[in-house]
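Residues per chain are reported as follows:
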Amino acid sequence: VMVARDLGVVDFQEATDVARARALMAAERYDGVVLDLAEGPATLELLKDFLQGKFNTPSSSTVIVLAANGETGDDSRLQALGVATVLGKPVRISALLGAIADARQLHSASATALV
């Protein structure tokens, strides 16, 4: 997060847990979401609510998931929940920034920017 901010690539809002992420997503509009699967079922419930449009962040926004070995479960399940990219932990900053750049490219083609 600090590297991305320092480089001016993207402005992240950090949440320490799923409850805080819910509050942030309810209060603000984000063009993309990066979620950590560390809280397992709670994170998956957040993704389901996100898909149902329960937040200010549009459900069409790009979702990137961070997951430790074995944490992802079924990749098709994550795809069904709108996840664009799954990155293994520990996450290399270059991989995360690359996934964000890919999302920006994809969305700029549809006239929506990921910021």
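Note: the structure precedes this text.
Note that the coordinates shown come from a computational prediction; the quantities given were computed from them, not determined experimentally. (Residues numbered from 1 in each chain as written. Predicted model: local features only at pLDDT ≥ 70, side-chain atom pairs only at ≥ 80, totals over all residues. Heavy atoms only, no water.)

### Here we look at the nonpolar core
- Ranked by internal contacts, the top residues of the largest apolar core, which has 19 residues, are M25, L46, L47 and V63.
- When neighbours within four sequence positions are excluded, M25 is seen to be in contact with Y30, V33, L46, F50, F55, N56 and T57.
- One finds V10, L66, L87 and I100 within the second-largest nonpolar core, a separate group that totals 10 residues. (Core = buried A, V, L, I, M, F, W, Y, C linked by side-chain atoms within 4.5 Å. Buried < 20%, exposed > 50% of the residue type's maximum accessible area, 1.4 Å probe, protein only. Contact = heavy atoms within 4.5 Å.)

### Describing a nonpolar patch on the surface
- Where nonpolar side chains cluster on the molecular surface, the patch consists of V3, L7 and I93 and spans about 250 Å² of accessible area.
- Residue classification places I93 among the partly exposed residues on the basis of a relative accessible area of 35%. (Patch = residues over 30% accessible without salt bridge, like charges linked within 9 Å, V, L, I, M, F, W, Y side chains within 5 Å. Areas by Shrake-Rupley, 256 points an atom, 1.4 Å probe, with all protein chains shown as cover. Salt bridge = Lys/Arg side-chain N within 4 Å of Asp/Glu carboxyl O.)

### Quick notes on helix α3 (residues 41-51)
- Looking only at α3, the buried set comprises T43, L44, L46, L47, D49 and F50.
- Check the buried side of α3 and you find it contacts α2 (18-27), β1 (32-36), β2 (62-67), α4 (75-80) and β3 (83-88).
- Taken from the residues just after α3, G53 is the one with a positive phi, measuring 75°. (Helix = DSSP H or I, 4+ residues; strand = E, 2+ residues; numbered from the N terminus.)

### Points about α2
- Among the residues of α2, V18, A21, L24 and M25 are the ones counted as buried. One side of α2 holds all its buried residues, which, seen down the axis, span an arc of 120°. Opposite its buried face, α2 presents the exposed residues A19 and A27, each directed more than 90 degrees away.
- Among the structural elements, β1 and α3 are those in contact with the buried residues of α2. (Arc of directions from axis to C-beta.)

### Section: the sheet that holds β2
- Reading across from one edge, β1-β2-β3 is the order of the three strands in this open sheet, with parallel pairing throughout. Of all strands in the sheet, those with a lone pairing partner are β1 and β3, marking the two edges. Across this sheet, the average inter-strand angle for adjacent strands is 20°, counted without regard to direction.
- Where β1 meets β2, five bridges bridge the pair, whose relative direction is parallel. Bridging across to β2, V34 finds its partner in I64.
- Across the sheet, α3 touches β1, β2 and β3, and the angle it forms with β1 is around 160°. (Pairing = 2+ DSSP bridges. Axes fitted to C-alpha atoms, helices over the stretch in contact; angles between N-to-C directions.)

### Observations regarding the layout of surface pockets
- Computed from the structure, the largest pocket encloses a volume of approximately 670 Å³.
- Lining the largest pocket are 31 residues, with Q13, E14, A15, V34 and L35 positioned closest to its centre.
- Residue assignment for the lining of the largest pocket shows that the elements contributing at least two residues are α2, β1, α3, β2 and α5 (93-109).
- Counting residues per element, the lining of the largest pocket draws most heavily on β1, which supplies five residues.
- When its residues are assigned to classes, the lining of the largest pocket shows 20 nonpolar, five polar and six charged. (1 Å grid on protein atoms, 1.4 Å probe; cavity = no way out; pocket = protein on both sides within 12 Å on 5 of 7 lines; lining within 4 Å. Points joined across faces, edges and corners; volume = space filled by probe spheres on them. Nonpolar A, V, L, I, M, F, W, Y, C, P; charged D, E, K, R; others polar.)

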